[in-house]
Amino acid sequence: MVSRFADWSLSLDPYGGPAIHAAECTTCDEASPGADSRDVPEVWCLRHAARTGHTGFRSTVTTFLRATHLGPLT
Ligand SMILES: [Zn+2]
């Protein structure tokens, strides 16, 4: 992903670390731990569904962005 606005460019931050995958139950307030892979929140959802009967979840992936100034600094 690369976005530009005026003299600035926005892209994925190569030093921001891996994406963080997580899930939240949409019925109660419980949430999975964050993890480098989506397997962890998906297993958490299935275990939560089996334990509580709750079947709706919100999945999130957090990534890190870096803005870079393209023009000369003034
Ligand atoms: Zn729940």
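My aim in this report is to walk through the structure given alongside it, one point at a time. Not measured: the values here are computed from a predicted model.

1. Comments concerning the overall build of the protein chain
- Secondary structure summary: the protein chain contains 1 helix and 5 strands in total.
- By the compact-globule yardstick of 11 Å for 74 residues, the protein chain is too spread out, its C-alpha radius of gyration being 18 Å.
- Projected onto its principal axes, the C-alpha coordinates of the protein chain cover approximately 60 × 20 × 15 Å.
- The buried share among the 74 residues of the protein chain stands at 9%.
- Considering only contacts in the protein chain between residues 6 or more positions apart, those separated by 24 or more positions represent 53%.

2. Structural notes on the environment of Leu65
- By the element assignment, Leu65 lies in strand S5 (residues 65-69).
- We classify Leu65 as exposed; it has 11 C-beta atoms within 10 Å.
- For the pair Leu65 and Leu12, spaced 53 residues apart in sequence, the C-alpha separation works out to 4.5 Å.
- Non-local contacts of Leu65, meaning those with residues more than four positions away in its chain, are made with Leu10, Ser11, Leu12 and Asp13.

3. Here's the deal with the environment of Ala67
- Its location among the elements puts Ala67 in strand S5.
- Residues Ala67 and Ser32, 35 residues apart in the sequence, show an inter-C-alpha distance of 30 Å.
- The residues contacting Ala67, other than those within four sequence positions of it, are Trp8 and Leu10.

Cut-off values and rules
Residues numbered from 1 in each chain as written. Predicted model: local features only at pLDDT ≥ 70, side-chain atom pairs only at ≥ 80, totals over all residues. Helix = DSSP H or I, 4+ residues; strand = E, 2+ residues; numbered from the N terminus. Rg over C-alpha atoms; globule rule 2.2 N^0.38 Å. Buried ≥ 20, exposed ≤ 12 C-beta atoms within 10 Å, placed from the backbone. Contact = placed C-beta atoms within 7 Å.

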